[in-house]
Amino acid sequence: MKLGCPTEIKPQEFRVGMTPNAAREAVAHGHEVMIQQGAGVGAGFPDADYIAAGAQIVDTAEEIFASAEMIVKVKEPQAGERKMLREGQLLFTYLHLAPDPDQTRDLLASGCTAIAYETVTDAAGGLPLLAPMSEVAGKLAPQVGAWTLQKANGGRGVLMGGVPGVGPARVAVIGGGVVGTHAARVAAGMGADVTVLDRSLPRMRYLDDAFGGVFKTSYASAGNTAELVAQADMVIGAVLIPGAAAPKLVSRAQLADMKPGAAIVDVAIDQGGCFETSRATTHQDPIYDVDGIMHYCVANMPGAVARTSTIALGNATMPFMLALADKGWREACATDPHLLNGLNVHAGKLTYFAVGKALGIDV
Ligand code: PYR
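Note that the structure is a prediction, hence the values are computed from the model and not measured. (Residues numbered from 1 in each chain as written. Predicted model: local features only at pLDDT ≥ 70, side-chain atom pairs only at ≥ 80, totals over all residues. Heavy atoms only, no water.)

## Quick look at the domain arrangement of the protein chain
Then comes step 1: The assigned domain composition of the protein chain is domain 1 (2–120 + 306–359) and domain 2 (131–299).
Then comes step 2: For domain 1 and domain 2, the distance between their C-alpha centres works out to 30 Å.
Then comes step 3: In this assembly, 19 residues from domain 1 lie in contact with 14 residues from domain 2.
Then comes step 4: Around 1,200 Å² of area is buried between domain 1 and domain 2 when both sides are counted, 64% of it from carbon and sulfur atoms.
Then comes step 5: Area buried by domain 1 at its contact with domain 2 is led by Gln-12, His-96 and Pro-99, which between them contribute 32% of it.
Then comes step 6: Inspection of the region where domain 1 meets domain 2 yields one salt bridge.
Then comes step 7: For the salt bridge of Asp-270 with Lys-75, the shortest nitrogen-to-oxygen distance reads 3.7 Å.
Then comes step 8: Linking domain 1 with domain 2 are two residue pairs in polar contact (both at pLDDT 80 or more), by the criterion used here.
Then comes step 9: Put simply, the parts of the chain that give the side of domain 1 that touches domain 2 at least two residues each are helix 11 (306–335) and helix 13 (353–359). (Domains from an automatic or database assignment. Contact = heavy atoms within 4.5 Å. Buried area = accessible area lost by both parts, 1.4 Å probe. Salt bridge = Lys/Arg side-chain N within 4 Å of Asp/Glu carboxyl O. Polar contact = N/O pair within 3.5 Å; in protein donor to acceptor, adjacent residues only side chain to side chain. Helix = DSSP H or I, 4+ residues; strand = E, 2+ residues; numbered from the N terminus.)

In structure tokens:
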């Protein structure tokens, strides 16, 4: 199969869909690999590494979209890329369609087959292609939140770990999944006073056992959530319903109960965000103020640490990419129901229920 990997064009996105190692494996499996010139540079992979791996370097994204049978990317195709997608072409990347009707419309019109990383599943009930970026975003959340809390950035001027005689920042993490657990670990490591809110008692038992009380847990009733949000210096949104629009768990009215200059970091923003006041921002202009509360809502947080993220993502996507290339998407999905769960769009039809429900489109 002909595989193509274009340069990511979302603002400040430095990751790349294929590492030189992934290219080498695909070539060893008998596939042709095209990489857009410079695509890996932001993640520290020069063209020479891809050439050494047996890939061909091409000048433009147009060449890749015109001839590749499978496009391997990181972020959802941007408007210009969507115009180049062709009928029958396979797209393997993050999509996050539920909050994005424009992208959905364009993918349906293109006639392509699109497999979304974020809805591929595994036997343990996890999301193996989302997990590595959830780990990265979770670990980044307290770091960017700490920066948002600094006075010069409009924040409350509170130091995460405090100092002798002055208490630490209070951090509420909404959601105890992969993002929330990594965020809580790092925030606690920075010395903050951290509480994770979740609705699963087994999950909270696990967190308590695994982390030995390094952070607290609280049942995520509306009342507990409101109380902890009001007391927090930083709130990290870490909820996920696979493929679906994120539920809004904190309303605009609740901002009035928060401490002036408190920071919100909404890691759920890819799926529309879990705060009523969230809207996607970019690494160039990451923070905005609503009613005195500073919001950090960058939609591609892992792009900030492009090298770590690219390698972590490549480790997870490689076996699926090889299965798709070796068998073709029909047989690969027919023999792996977890990969089939990634199928969101095929030949002008939506094939993922939660996306159809969010957008009011028949599946
Ligand atoms: C990202 O890492 O940017 C995702 O979309 C999950």
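After that view of the structure, there is still more to cover.
## A look at the packing of aromatic side chains
Then comes step 1: For the structure on display, the rule yields three aromatic pairs.
Then comes step 2: Pairing Phe-92 with Tyr-117 gives two aromatic rings, centres 4.7 Å apart and planes at 90 degrees, and the pair type is edge-to-face. Note that Phe-92 is positioned in strand 5 (residues 90–93) and Tyr-117 in the loop between strand 6 (113–116) and helix 6 (131–148), a separation of 25 residues in sequence.
Then comes step 3: Here Phe-92 falls in the buried class, since its relative accessible area comes to 0%.
Then comes step 4: An angle of 35 degrees between the planes, with centres 5.2 Å apart, marks the rings of Phe-211 and Phe-215 as tilted.
Then comes step 5: Put simply, the rings of Phe-92, Tyr-94 and Tyr-117 pair up and form one aromatic cluster. (Phe/Tyr/Trp six-rings, centres within 6.5 Å; stacked < 30°, edge-to-face > 60°. Buried < 20%, exposed > 50% of the residue type's maximum accessible area, 1.4 Å probe, protein only.)

## Some points on the packing of helix 6 against helix 7 (residues 178–189)
Then comes step 1: Following both chains from N to C, one finds helix 6 and helix 7 inclined at 35 degrees, their axes separated by 7 Å at the closest point. Handedness of the helix 6/helix 7 crossing: right-handed. Contacts from Ala-131, Ser-134, Glu-135, Gly-138, Lys-139, Ala-141 and Pro-142 of helix 6 reach helix 7 at Val-178, Val-179, His-182, Ala-183, Val-186 and Ala-187.
Then comes step 2: Within the contact of helix 6 with helix 7, the residues separate by chemical class into eight nonpolar, three polar and two charged. (Axes fitted to C-alpha atoms, helices over the stretch in contact; angles between N-to-C directions. Left-handed = near helix turned anticlockwise from the far one by under 90°. Nonpolar A, V, L, I, M, F, W, Y, C, P; charged D, E, K, R; others polar.)

## Details of the nonpolar core
Generally speaking, nonpolar side chains in soluble globular proteins are found buried as a group.
Then comes step 1: Counting 74 residues, the largest nonpolar core has Met-18, Met-301 and Met-321 as the members making the most contacts within it.
Then comes step 2: In terms of residue count, helix 11 provides more of this core than any other element does, eleven residues in total.
Then comes step 3: Counting residues domain by domain, this core receives three or more from each of domain 1 (2–120 + 306–359) and domain 2 (131–299).
Then comes step 4: Counting residues in hydrophobic clusters, the runner-up holds 24 residues, among them Met-258, Ala-268, Val-290 and Cys-297. (Core = buried A, V, L, I, M, F, W, Y, C linked by side-chain atoms within 4.5 Å.)

## Description of a nonpolar patch on the surface
Then comes step 1: A contiguous nonpolar patch, built from Leu-159, Val-163 and Val-166 and spanning about 280 Å² of accessible area, is present on the exposed surface.
Then comes step 2: Within the fold, Val-163 resides in the loop between helix 6 and strand 7 (170–174).
Then comes step 3: Overall, the relative accessible area of 45% leaves Val-163 in the partly exposed class. (Patch = residues over 30% accessible without salt bridge, like charges linked within 9 Å, V, L, I, M, F, W, Y side chains within 5 Å. Areas by Shrake-Rupley, 256 points an atom, 1.4 Å probe, with all protein chains shown as cover.)

## Digging into the layout of surface pockets
Then comes step 1: Taken as a whole, the largest pocket spans an internal volume of roughly 740 Å³.
Then comes step 2: Taken together, 39 residues make up the lining of the largest pocket; nearest its centre are Leu-127, Leu-130, Ser-134, Val-179 and Leu-240.
Then comes step 3: Residue assignment for the lining of the largest pocket shows that the elements contributing at least two residues are helix 6 and helix 7.
Then comes step 4: Ranked by residues supplied to the lining of the largest pocket, first place goes to helix 6 with four residues.
Then comes step 5: When residues of the lining of the largest pocket are assigned to domains, at least three map to each of domain 1 (2–120 + 306–359) and domain 2 (131–299).
Then comes step 6: Space inside the second largest pocket adds up to approximately 300 Å³.
Then comes step 7: For the lining of the second largest pocket, the domains that each give at least three residues are domain 1 (2–120 + 306–359) and domain 2 (131–299). (1 Å grid on protein atoms, 1.4 Å probe; cavity = no way out; pocket = protein on both sides within 12 Å on 5 of 7 lines; lining within 4 Å. Points joined across faces, edges and corners; volume = space filled by probe spheres on them.)

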